[in-house]
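Chain by chain, the residues:
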Amino acid sequence: MTTRPVIEVENLMRKFGDLTAVDGVTFHVNPGEVFGFLGPNGAGKTTAIGMLCTLLRPTSGLALVNGFDIRTDQARVRQSIGLIFQDPSLDDKLSGRENLKFHAMLYDVPADVLVKRSEQLLDMVDLSERADEVAMHYSGGMKRRLEIVRGLLHRPSVLFLDEPTLGLDPQTRLHIWEYLLTLREREGVTMFMTTHYMEEAEHCDRIAIIDQGKIVGLGTPEALKGMVGGDVVTVRTDDNDRVAAMMQQSLGIETRIDPEGGLIIETSHGDQFIPEMMRVIGECDETVHVNSVHLRRPTLEDVFIKLTGRAIREQDFDKKDDMRKHVRLWRGR
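Residues numbered from 1 in each chain as written. Predicted model: local features only at pLDDT ≥ 70, side-chain atom pairs only at ≥ 80, totals over all residues. Heavy atoms only, no water.

Draft legend 1. Up close: the overall build of the protein. For the protein, the helix and strand inventory stands at 12 helices and 14 strands. The burial tally for the protein puts 50% of its 333 residues in the buried class. Of the roughly 15,700 Å² of accessible surface on the protein, a fraction of 49% belongs to carbon and sulfur atoms. On the protein, the mean spot of the 41 positive side-chain charges and the mean spot of the 52 negative ones are 8 Å from each other. (Helix = DSSP H or I, 4+ residues; strand = E, 2+ residues; numbered from the N terminus. Buried < 20%, exposed > 50% of the residue type's maximum accessible area, 1.4 Å probe, protein only. Areas by Shrake-Rupley, 256 points an atom, 1.4 Å probe, with all protein chains shown as cover. Lys, Arg positive; Asp, Glu negative; His and termini not counted. Charge placed at Lys NZ, Arg CZ, Asp CG, Glu CD.)

Draft legend 2. How the structure looks around the packing of helix α3 (residues 96–106) against helix α5 (residues 140–152). One way to put it is that α3 packs onto α5 with a least axis distance of 10 Å and a crossing angle of 25°. Classified by the interaxial angle, the pair formed by α3 and α5 is roughly parallel. As α3 runs across α5, the sense of the crossing is right-handed. Judged by residue contacts, G96, N99, L100 and H103 of α3 engage L146, V149 and R150 from α5. Residue composition of the contact of α3 with α5, grouped by class: three nonpolar, three polar and one charged. (Axes fitted to C-alpha atoms, helices over the stretch in contact; angles between N-to-C directions. Parallel < 35°, antiparallel > 145°, perpendicular 65-115°, else oblique. Left-handed = near helix turned anticlockwise from the far one by under 90°. Contact = heavy atoms within 4.5 Å. Nonpolar A, V, L, I, M, F, W, Y, C, P; charged D, E, K, R; others polar.)

Draft legend 3. View of unusual backbone geometry. Phi is positive for N11, which is not a glycine, with a value near 50°. Structurally, the position occupied by N11 is in strand β1 (residues 7–16). Here N11 falls in the partly exposed class, since its relative accessible area comes to 44%. A positive phi angle, near 55°, is found at R155, a position not held by glycine. Structurally, R155 can be placed in the loop between α5 and β7 (158–162).

Draft legend 4. Structural view of the pattern of salt bridges. Considering all chains together, one arrives at 21 salt bridges under this definition. Taking the shortest distance from any N to any O, the salt bridge between R173 and E199 comes out at 2.3 Å. Here E199 lies in helix α7 (residues 198–201) and R173 lies in helix α6 (residues 170–187), a separation of 26 residues in the sequence. Residue classification places R173 among the buried residues on the basis of a relative accessible area of 11%. Note on E199: relative accessible area 43%, which makes it partly exposed. Between D205 and R184 there is a salt bridge; the shortest N-O distance is 3.1 Å. With D205 in the loop between α7 and β9 (206–211) and R184 in helix α6, this residue pair connects regions lying 21 residues apart in the sequence. Several salt bridges converge on common partners, so that one network encompasses R97, E119 and D132. (Salt bridge = Lys/Arg side-chain N within 4 Å of Asp/Glu carboxyl O.)

Draft legend 5. Quick look at helix α4 (residues 111–124). Its 14 residues place the ends of α4 20 Å apart at the C-alpha level, agreeing with the 20 Å of an ideal helix rising 1.5 Å per residue. If you check which residues of α4 are buried, you get L114, R117, S118, L121, L122 and M124. Buried residues of α4 fall within an arc of 150° about the axis and therefore sit on the same side. Within α4, the exposed residues directed more than 90 degrees away from the buried face are D112, V115, K116 and D123. Where α4 is buried, its residues contact α3, α5 and α6. Of the residues trailing α4, D126 is marked for its positive phi of about 60°. (Expected span 1.5 Å × (residues − 1). Arc of directions from axis to C-beta.)

Draft legend 6. View of the pairing of strand β8 (residues 190–195). Of all six residues in β8, six are buried, a share of seventy percent or more. Residues T190, F192 and T194 of β8 are buried on one face, and the alternating residues M191, M193 and T195, pointing to the opposite face, are buried as well. Alignment of β7 against β8, held across five bridges, turns out to be parallel. When the bridges of β8 are listed, D162 appears paired with T194. What joins β7 to β8 is α6, and the crossover it makes is right-handed. (Pairing = 2+ DSSP bridges. Right-handed = clockwise from strand over helix to strand, strands pointing away.)

Draft legend 7. Representation of the packing of aromatic side chains within the structure. Per the counting criterion, the structure on display carries seven aromatic pairs. Judged by centre distance (5.5 Å) and plane angle (50°), the rings of F160 and F192 are tilted. Taken together, the positions of F160 in strand β7 and F192 in strand β8 put the pair 32 residues apart, joining distant regions of the chain. Each residue in the set F27, F35, F37, F160 and F192 is aromatic and connected to the rest through ring pairs, giving one cluster. Seen from the ring of F16, R14 lies directly overhead, with NZ or CZ sitting 4.7 Å from the centre. Note that R173 overlies the ring of Y197, its terminal NZ or CZ placed 3.9 Å from the centroid. (Phe/Tyr/Trp six-rings, centres within 6.5 Å; stacked < 30°, edge-to-face > 60°. Lys NZ or Arg CZ within 6 Å of the ring centre and 35° of its normal.)

So this is what it looks like as structure tokens:
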């Protein structure tokens, strides 16, 4: 028996005037899956998640969340999802427990269920002993953990996480993901996340790489990295153009430039290729100096560069892709 996807999206599009923020994306998310949108800021990730959470109305296309149409069944969509916003959304003047009580009121969670559910979730994310403290005294990681508890309080089928660890240090990001994966296992919740952190995307079961509003790659992290090849050799020389021409002419190998100016070569056996590369350079032009050679396995950054021709940069932020102005609308309905 085939299980229906929890999220079904077909040709979804959103325009802001002349800007097409999301450009006809099609994908699905399976029950219990951790599905990620990976791309730079301004790529359309937050706009896409905004439409799926009914914060933004699509310009065109179809999307079902838990079987509910995001256009015609907005109330049912909202009742069946949890959402962790990109920006902090707690009331800092309330305690952690009071923040949860307020959320429970919005979702009509019975008082007895609230007590049992909140204690269970707070314990899972190691916040039980701090739950009665005012949220303004929480660290960034503690606030994120409380937001995750709040998003799961009403037992949603899908938890949306928009850049869930943005601004946190690497160690805290790792801990947040330990909590998320534990909660996924215990709660059975499907997770849909956006991120521009490569190491964070590795936690996903499948990833859609999005750039300029379009999905340019979709698959498991390993399958996507398989598009690059077995090994990645990065060579830095004083004449990359000349070396690139040598690789093409003598070995029939295409090269590309990495963001730091190195020459990238994809090959199935990097350890065997490097001596051959050095031989070709020496025989073709002894005046070319090799400054460094580095061998490694492919990363998702390599995949993104291969598909788009550039690296993900944190500063590429487009304010039109910002969802904050829609938060009040979502909460007030």
